[in-house]
Amino acid sequence: MEKRFLMTLLSLPEHSRRWLTTAGTALVLLISGCATTLPPEPTAPTPPQAATVTPPKSLPSYRLPSDIPLSAIGTSDTSAHGVASLDAPSDLWDRIRRGFAMPDLQGELVRDREQWYATRPDYIQRMTERSSRYLFHIVEEIERRNMPMELALLPFIESAFNPQAVSSARAAGMWQFMPATGESFDLRQNVFRDDRRDVLASTRAALDYLQQLHGRFGDWHLALAAYNWGQGNVNRAITRNQRLGMPTSYTDLTMPAETRQYVPKLQAVKNIIARPEAYNATLPLIGNHPFFDTVTLQRDMDVAVISRLAGISEADFRVLNPSLKQPMVMAAGTPNILLPWDNAVIFEDNLSKHTGPLASWTAWVVPTTMSVAQAASRVGMSESELRSVNNIPPRMQVRAGSSLLVPRTDKRNGDVPGHVADNAQLSLQPEVTLARTTVRARQGENLARLARRYGVSPVSVADWNKLAVNAPLKAGQRITLLLPKRATMASSARKPVKNTASASKRKTTTAAIRKPVKAKAASASSKTRVATTIKK
């Protein structure tokens, strides 16, 4: 008991230990004095030093005489000691307000943006409701990095919290990353996914970028200007002002109108979030707790299977996983998926009991350039379905090395490897009109050499003739090729003309006529170079 009392006393703040020690000493003297009939005049106790406080080992039992009145216990004012509030934020908006740390921007542009938002309550309602799915995660990340909480409001300005938003300049996602900037912050962009739309990856990249910009400019307003306009442009604007002996703050720089209004927009949203009643705005209740949980996949899974096991619609799944472009999640490329908090538990429980197939799709890398019809025949799909699933436009053929999403079969039944999931590209080229042509092999020529002579793929030639790619050919052996029509016509035109007098005469008598006719034909050919389907 004595040891516990001493440890408790020493754990208190210094001013509390002194007060308790003084009060305890006074109480001991009071009790000791009450044991005598005529107590001596009380003397003010000398407070002991905090470092030498020793609690009493034991106190004897005393009975207070009933004829001696007790003195009133005095109170002291403790308002001089600031005490931090331990109350948890009432909701996420309250938590955001507590984290505001940027200096406020004043001016006509701010008032103009406040007015713009205040006169559009439906717009505010839509974008704040949309933000409720993602805002808690963003707030957590900003607090972890000790960054100003105003940055959590930036997606309101960039995309109205729509992760599917795409600008006219091809910036995409909630944080509106340009393709090149996204790549520099490791946001993968391929035919299967676009990490600029991924909730976790894009938030990480945006905060990394903003921290980098703040480290360069030392000012959050300038960092925001650089996020919108580009750090090179902001740096040149600062240098220009420095040469002219002018200030270099955000409001002093010469910037495009969009960048000039960028921080005022954020300030206006900050003011509305801080005092919604002053702007007649109603903010939806967003609890100070996570909306989603992260689940790690070990195998490829169809979106339809995930949604069914989680007990949510596919539309709701894609709202939390907007980076996915295909009907399947590739575990090697996107191992972490987001599910509503309670549904994540349901999903993992149902997955542990699931016995059926997890995925009905896989990726196929096209071995050689071919038409969509040929590719569809190879993978057992209709041409229209292959075009629809892989977003292939009409009158285009697929180039070698392209990655296509195709149904799983006994032959193609494995999960997509990481290098395909991360780097898959779809490369297309216009279709050309091909004509079936028969050519003859030369002495000592094999199929691969003949294919190179005519500028076609050896694999395609082997496929057309049911031969091995390097099959030896006999001199004069007939080989079937599918060549572009113009090349076929040119090849026919190169045939030698018999050296006869009649042929020579026809050549001389019709030379004047042939020349303009050939020019006209060439002109017509150049005007009709239209891609059409392959004709066998």
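Refer to the structure presented above.
Residues numbered from 1 in each chain as written. Predicted model: local features only at pLDDT ≥ 70, side-chain atom pairs only at ≥ 80, totals over all residues. Heavy atoms only, no water.

## Examining the packing of aromatic side chains
Applying the stated criterion across every chain, the model contains eight aromatic pairs. With 5.7 Å between their ring centres and 85 degrees between their planes, Trp116 and Tyr123 make a pair best called edge-to-face. For Trp116, a relative accessible area of 28% puts it in the partly exposed group. Accessibility expressed as a relative area gives 25% for Tyr123, which makes it partly exposed. An angle of 45 degrees between the planes, with centres 5.5 Å apart, marks the rings of Tyr209 and Tyr227 as tilted. A residue pair is termed long-range when its members are at least 10 positions apart, and Tyr209 in helix H9 (residues 199–217) and Tyr227 in helix H10 (residues 220–229) qualify at 18 residues. Just above the ring of Phe100 sits the side chain of Lys270; from NZ or CZ to the centre is 5.2 Å. (Phe/Tyr/Trp six-rings, centres within 6.5 Å; stacked < 30°, edge-to-face > 60°. Buried < 20%, exposed > 50% of the residue type's maximum accessible area, 1.4 Å probe, protein only. Helix = DSSP H or I, 4+ residues; strand = E, 2+ residues; numbered from the N terminus. Lys NZ or Arg CZ within 6 Å of the ring centre and 35° of its normal.)

## Details of the nonpolar core
Within soluble globular proteins, side chains that are nonpolar generally end up buried alongside one another. In this structure, Ile96, Leu135, Trp175, Phe177, Leu210, Leu224 and Tyr227 are the most contacted members of the largest nonpolar core, which totals 67 residues. Considering each element in turn, this core owes the most residues, nine residues, to H9. Not counting residues up to four positions away in its chain, the partners in contact with Tyr227 are Leu154, Glu158, Trp175, Phe177, Ala206, Tyr209, Leu210, Leu213 and Tyr262. (Core = buried A, V, L, I, M, F, W, Y, C linked by side-chain atoms within 4.5 Å. Contact = heavy atoms within 4.5 Å.)

## Some thoughts on the environment of Ala468
With respect to the secondary-structure elements, Ala468 resides in the loop between helix H20 (458–465) and strand S10 (478–484). Distance from Ala468 to Asn446, taken between C-alpha atoms, is 9.9 Å for residues 22 residues apart in sequence.

## Here's the deal with the pairing of strand S5 (residues 361–365)
A large share of S5 lies buried, amounting to four of its five residues. Pairing analysis gives five bridges linking S5 to strand S7 (residues 403–407), with the strands arranged antiparallel. Within S7, the residue paired with Trp364 across the bridge is Leu404. (Pairing = 2+ DSSP bridges.)

## Description of the side chain of Lys270
Looking at where Lys270 falls in the secondary structure, it is placed in helix H12 (residues 257–274). Assessed through its relative accessible area of 8%, Lys270 is described here as buried. Contact partners of Lys270, with chain neighbours within four places excluded, come to Phe100, Met102, Asp104, Glu150 and Leu153.

## Observations regarding the packing of H9 against H10
Put simply, H9 and H10 touch, their axes get as near as 8 Å, and they point 125 degrees apart. The angle between H9 and H10 falls in the class oblique. Remark: the crossing between H9 and H10 carries right-handed chirality. Between H9 and H10, the contacting residues are Ala206, Tyr209, Leu210, Leu213, His214 and Phe217 on the first element and Trp220, Leu222, Ala223, Leu224, Ala226 and Tyr227 on the second. The class makeup of the residues in the contact of H9 with H10 is 11 nonpolar, one polar and no charged. (Axes fitted to C-alpha atoms, helices over the stretch in contact; angles between N-to-C directions. Parallel < 35°, antiparallel > 145°, perpendicular 65-115°, else oblique. Left-handed = near helix turned anticlockwise from the far one by under 90°. Nonpolar A, V, L, I, M, F, W, Y, C, P; charged D, E, K, R; others polar.)

## So, the pairing of strand S4 (residues 336–340)
For S4, a buried count of four out of five residues is recorded, marking the element as mostly surrounded by other parts of the structure. The pairing of strand S1 (residues 292–296) with S4 spans five bridges and is classified as antiparallel. The partner of Val295 across the bridge, within S4, is Ile337.

## Quick notes on the packing of helix H13 (residues 303–310) against helix H15 (residues 341–353)
The relative placement of two packed helices is expressed as an angle between their axes plus a distance between the axes. Two elements in contact, H13 and H15, have axes separated by 7 Å at closest approach and are oriented at 105 degrees. Here H13 lies roughly perpendicular to H15, going by the angle between them. Counted together, Ile306, Leu309 and Ala310 of H13 and Asn343, Ile346, Phe347, Asn350 and Leu351 of H15 form the full contact between these two elements. Taken together, the residues that form the contact of H13 with H15 break down as six nonpolar, two polar and no charged.

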